[in-house]
Amino acid sequence: MFIYEKAPAKINLMLDVLHKRNDGFHEVEMVMTMVDLADRLTLHDPGTSRISLSSQSGYIPLDDKNLAVRAARLLRQRFGINRGVHMHLEKRIPVAAGLAGGSSDAAAALRGLNRLWELGLSTAELEDLGAEIGSDVPFCVRGGTALATGRGEKLEALSSPPRCWVVLAKPPINVSTADVYGNLKAAEIAVHPSASGMREALEQSSFEAVCGGLGNVLEDVTLKLYPGVARLKQVMENLGADGVLMSGSGPTVFGLVSKEEKAKRICNGLRGFCEEVYAVRTLG
Ligand SMILES: C[C@](O)(CO)[C@H](O)COP(=O)(O)OP(=O)(O)OC[C@H]1O[C@@H](n2ccc(N)nc2=O)[C@H](O)[C@@H]1O
Ligand SMILES: Nc1ncnc2c1ncn2[C@@H]1O[C@H](COP(=O)(O)OP(=O)(O)OP(=O)(O)O)[C@@H](O)[C@H]1O
C-alpha cells in the first residue's frame, strides 16, 4: 500500500516577538497560512524494520537529520512500533527559505505514518508530537490559517485570507532561523505588528486590511544581515505588489496580489533579479 501526503509551504502574515524565554526560545504571536506550493511525500511499508528516505533533491539530508525521518523515529519509539517505512520526498519548496518546508515534511510524515502504521492518533495528538520536532510543525500538522502563540506550538484556528495570488521570491542565500532569533534584541523592538488587527482583517475577509496589517519583527534582523533581502522587498513593492513581507526568518519575500495579470507581471519583473520565483495561491 502506498500513502500520499501533500506538504504545503506556509507564510507568516504577521510575526511578533514578545520576549525571550528562559528556555532560550522566544515567546511569539504569529498568523500563519498555507500556500499551494507543496512537497509530496509517498510512504510505503518496505517489509523490513528499516526507516529510509529518498528524494530527487540534492539539497536536503536523507539521514536522521531530515525532519521526516525524525518524525518516523519519534513515532516508532513512542509507540513501540517495529515496522519500517520507506518515504520518497518530491521536494518543491525551496530549502532554508522561511517557508517551513522541513516542518511541513515532518507533519506529512506524522499524518502519513498515522495511517500506514494504523496508530489512530488524533490531529491534536499529532500536533503535540510535532512540537517535539520543531515550533512550526504543529501548525503544519493542522494546516489552514492560525494564530500561533507560545513558541509557535499553541494554535487557534482563524478565518482564511481572501483568495489571492502570492508571489514568492527566494534569494540565493540560506538563513539560519537560530541565528536570526539569536541576533534579535526583543526588548528593543520599536513597532509591534498587531495580531488582533490581522485577526479582524481575516474575519472581515478584507484583502486591503490583510495587506495593511502585514508585519514581521524578524525583518529587522535578516534585512540588516542580508541587504539583498531589503532590495528584493523594494523591487517587489516597486513592481506593484499590494502587500510585501519577508516570511518567517527569511530570506523568502512574498507579495500579496489580487489580480492574476499583475502577479504574472511581477513574476516576470523579478526574474532578472532573483532566480527562484513562484506565483501561487493562498490555500486557507
Ligand atoms: C521563524 C518561524 O519559522 C516562523 O514561523 C518559527 O518561529 C521558527 O520555527 P522552526 O524553524 O520550527 O523553529 P525550531 O526548529 O523550533 O527552532 C529553531 C531555533 O530557532 C529559535 N527559536 C525558534 C522558535 C521560537 N519561538 N523562538 C526561538 O528562539 C531557537 O534558537 C531554536 O533553536
Ligand atoms: N525535509 C526537509 N526539507 C528541507 N530541509 C530539511 C528537511 N529536513 C531537515 N532539513 C534541514 O533543515 C534546514 C532548514 O530547512 P527548511 O527548509 O525547513 O527551513 P525553513 O523553511 O527556513 O524553516 P522554517 O520556516 O520552519 O524556519 C535545512 O538546512 C535542512 O538541512
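Residues numbered from 1 in each chain as written. Chains lettered and ligands numbered in written order. Predicted model: local features only at pLDDT ≥ 70, side-chain atom pairs only at ≥ 80, totals over all residues. Heavy atoms only, no water.

1. A closer look at the overall build of the protein chain
Next up, step 1: When you go through the protein chain residue by residue, the secondary structure sums to 10 helices and 11 strands.
Next up, step 2: On C-alpha atoms alone, the protein chain measures out to a radius of gyration of 19 Å, which is about the 19 Å that the 2.2 N^0.38 rule sets for 284 residues.
Next up, step 3: Expressed as a percentage of the 284 residues in the protein chain, the buried residues total 55%.
Next up, step 4: For the protein chain, the exposed surface amounts to about 12500 Å²; the carbon and sulfur share of it is 48%. (Helix = DSSP H or I, 4+ residues; strand = E, 2+ residues; numbered from the N terminus. Rg over C-alpha atoms; globule rule 2.2 N^0.38 Å. Buried < 20%, exposed > 50% of the residue type's maximum accessible area, 1.4 Å probe, protein only. Areas by Shrake-Rupley, 256 points an atom, 1.4 Å probe, with all protein chains shown as cover.)

2. Remarks on the site of ligand 2
Next up, step 1: Near ligand 2 lie 20 residues; those nearest to it are Ala96, Gly98, Gly102, Asp105 and Asp136.
Next up, step 2: Interatomic distance of 2.8 Å between a backbone N/O atom of Gly102 and an oxygen atom of ligand 2.
Next up, step 3: At 3.5 Å from an oxygen atom of ligand 2 is found a side-chain nitrogen or oxygen belonging to Ser103.
Next up, step 4: Out of a free accessible area of 610 Å², ligand 2 has 79% covered by protein chains.
Next up, step 5: Here the residues of the shell around ligand 2 are counted per class, giving nine nonpolar, six polar and five charged. (Near = heavy atom within 4 Å. Polar contact = N/O pair within 3.5 Å; in protein donor to acceptor, adjacent residues only side chain to side chain. Nonpolar A, V, L, I, M, F, W, Y, C, P; charged D, E, K, R; others polar.)

3. Some points on the site of ligand 1
Next up, step 1: Around ligand 1 sit 18 residues in total, of which Lys10, His26, Ser135, Asp136 and Tyr181 are the nearest.
Next up, step 2: Take Asn12: an N or O atom from its side chain is 3.1 Å from an oxygen atom of ligand 1.
Next up, step 3: Taking 640 Å² as the accessible area of ligand 1 by itself, protein coverage stands at 80%.
Next up, step 4: Elements that contribute at least two residues to the shell around ligand 1 include exactly strand 1 (2-20), strand 2 (26-44) and helix 5 (177-183).
Next up, step 5: If one sorts the elements of the shell around ligand 1 by residue count, strand 2 sits on top with four residues.

4. Quick notes on the UniProt feature "binding site: ATP" (unreviewed entry) in the protein chain
Next up, step 1: Under the local residue numbering, the UniProt record ascribes the feature "binding site: ATP" (unreviewed entry) to Pro94, Val95, Ala96, Ala97, Gly98, Leu99, Ala100, Gly101, Gly102, Ser103 and Ser104.
Next up, step 2: Looking at where Val95 falls in the secondary structure, it is placed in the loop between strand 4 (85-90) and helix 2 (101-116).
Next up, step 3: The residue Ser103 is located in helix 2 in this model.
Next up, step 4: In contact with Ser103, other than residues within four places in its own chain, are Leu67, Asp136, Val137 and Cys140. (UniProt positions renumbered as here; feature names shortened; annotations may be inferred. Contact = heavy atoms within 4.5 Å.)

5. With respect to the nonpolar core
Next up, step 1: By size, the foremost hydrophobic cluster in this structure holds 69 residues, and its most contacted members are Val17, Val85, Met87, Val167 and Met236.
Next up, step 2: With seven residues, the single largest contributor to this core is helix 2.
Next up, step 3: Ignoring anything within four residues of it in the chain, the contact list for Val17 reads His26, Glu27, Val28, Tyr181, Leu184, Ala186, Ile189, His192, Val217 and Leu218.
Next up, step 4: Membership of the second largest hydrophobic core comes to 27 residues, among which are Ile11, Met14, Leu168 and Leu214. (Core = buried A, V, L, I, M, F, W, Y, C linked by side-chain atoms within 4.5 Å.)

6. So, the side chain of Asp105
Next up, step 1: When you line up the elements, Asp105 lands in helix 2.
Next up, step 2: Looking at Asp105, its side chain comes within polar contact range of the side chain of Lys91, at 2.8 Å.
Next up, step 3: Once residues lying within four places of it in the same chain are set aside, the contact partners of Asp105 are Ala7, Asp39, Leu41, Ala68, Leu89 and Lys91.

7. Things to note about the pairing of strand 10 (residues 253-257)
Next up, step 1: Buried residues dominate strand 10, accounting for five of its five residues.
Next up, step 2: Side chains Val253, Gly255 and Val257 project from strand 10 onto one buried face, and the interleaved Phe254 and Leu256 project onto a second face that is buried too.
Next up, step 3: Pairing of strand 7 (residues 165-170) with strand 10, which is carried by five bridges, proceeds in the antiparallel orientation. Pairing of Val167 across the sheet is with Gly255, part of strand 10. (Pairing = 2+ DSSP bridges.)

8. Overview of the domain arrangement of the protein chain
Next up, step 1: Domains assigned within the protein chain are domain 1 (2-157) and domain 2 (165-281).
Next up, step 2: Of note, the centres of domain 1 and domain 2, computed from C-alpha atoms alone, are 23 Å apart.
Next up, step 3: Contacts between the two partners involve 27 residues from domain 1, matched on the other side by 36 residues from domain 2.
Next up, step 4: Overall, the association of domain 1 and domain 2 removes approximately 2300 Å² of surface from exposure, summing both partners, and the carbon and sulfur fraction of that is 64%.
Next up, step 5: Here domain 1 and domain 2 share one salt bridge between them.
Next up, step 6: Arg199 serves as the salt-bridge partner of Glu156, at 2.8 Å between the closest nitrogen and oxygen.
Next up, step 7: There are 11 residue pairs in polar contact (both at pLDDT 80 or more) connecting domain 1 and domain 2.
Next up, step 8: Counting only elements with at least two residues in the side of domain 1 that touches domain 2, the list comes to strand 1, strand 2 and strand 5 (145-149).
Next up, step 9: Grouping the amino acids of the side of domain 1 that touches domain 2 by side-chain chemistry returns 15 nonpolar, five polar and seven charged. (Domains from an automatic or database assignment. Buried area = accessible area lost by both parts, 1.4 Å probe. Salt bridge = Lys/Arg side-chain N within 4 Å of Asp/Glu carboxyl O.)

9. Section: the pattern of salt bridges
Next up, step 1: By the definition in use, this model includes 18 salt bridges.
Next up, step 2: For the salt bridge of Glu219 with Lys233, the shortest nitrogen-to-oxygen distance reads 3.0 Å. Taken together, the positions of Glu219 in helix 8 (residues 219-225) and Lys233 in helix 9 (residues 227-238) put the pair 14 residues apart, joining distant regions of the chain.
Next up, step 3: By relative accessible area, which is 10% here, Glu219 ends up buried.

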